[in-house]
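Results of the structural survey
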Amino acid sequence: MSNYLGIDGFRFGWVAAWIDDNGDHGFDYSPALARLLAMPHKRAMIDMPIGLKIDGYRICDLRARERVGAAVFLGARRGLWTFVDMTAANDHYWRREGRGRGVSRQLWNIRDKIKEVDDIMTPERQAGVGEAHPELIFWNLARQRLLERKTSVAGREQRLALLVEQGFVNIRKWLGHRHGTGIGRDDLIDACACAIAARNSAGRLGGGEVDPRGLRMEINY
């Protein structure tokens, strides 16, 4: 039996949702990404950049933003985590690339998780562990139609309905079980979306760029 794993970061670590070929499904969480990736799986997808440039924007991020907008963060770069603060990072990138080519607060806040993924990824491992973006997955599941904002009641219900259609029939119950864990509602929803991409994905953006470590820069959906 093949398990398909979807992983997203949250404040205290990582949350993983899985679904198998029979539709059995569950979720787990851990402070360490490596523990979740040690769960048996045929394929995994992570909502975090894999393959990083030193400077500039990744083509896959630009293409994804064309489809789903500002939910796609631009400017993930190797070494972002080495700066003492966001101001120092932006001063560096603005000097090298021009004003406005820095990093957002959202991207800065996940810099340690970007590093954690980068530390464990290899070109060989990338054959079974890929990068996905939940909003691109939902756009694809909705027949390439943009949904309402994920923070709205309507948008949340649209996403939950799509997950149920794809086999995550317990997702609403899970949202109650997460209390006290620190897992955000959207984190669990996004992990489920990534598991669906791990099972179903045949589409991807990018893939033509390879970073200095040999990792492909691509977003699966």
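Everything that follows concerns the structure shown earlier in this document.
Summary of the structure given here.

One open sheet holds the five strands; their spatial order is β3-β2-β1-β4-β5, and the pairing between them is mixed. Of all the strands in the sheet, the pair left with one neighbour each is β3 (25-30) and β5 (129-131). Between one strand axis and the next, the sheet turns through 20° on average, direction left out of account. As paired strands, strand β1 (residues 3-10) and strand β2 (residues 13-20) are joined by eight bridges and run antiparallel to one another. Paired with Asn 3 across the strands is Asp 20, a residue of β2. Each of β1, β2 and β4 (43-46) is contacted by helix α5 (residues 111-120), which is oriented at about 55° to β2, the strand it contacts most.

For helix α7 (residues 153-165), with 13 residues, the first-to-last C-alpha span of 18 Å sits near the 18 Å given by 1.5 Å per residue. Every buried residue belonging to α7 is among Gly 155, Arg 156, Arg 159, Leu 160, Leu 162 and Leu 163, and all of these are buried. The buried residues of α7 occupy an angular sector of 160° when the element is viewed end-on, so they sit on one face. Opposite the buried face of α7, by more than 90 degrees, sit the exposed residues Val 153 and Glu 165. At its buried positions, α7 is contacted by α6 (134-141), α8 (171-177) and α9 (185-200). Just past α7, the residue Gly 167 takes up positive phi, approximately 115°.

Parameters and conventions
Residues numbered from 1 in each chain as written. Predicted model: local features only at pLDDT ≥ 70, side-chain atom pairs only at ≥ 80, totals over all residues. Heavy atoms only, no water. Pairing = 2+ DSSP bridges. Helix = DSSP H or I, 4+ residues; strand = E, 2+ residues; numbered from the N terminus. Axes fitted to C-alpha atoms, helices over the stretch in contact; angles between N-to-C directions. Contact = heavy atoms within 4.5 Å. Expected span 1.5 Å × (residues − 1). Buried < 20%, exposed > 50% of the residue type's maximum accessible area, 1.4 Å probe, protein only. Arc of directions from axis to C-beta.

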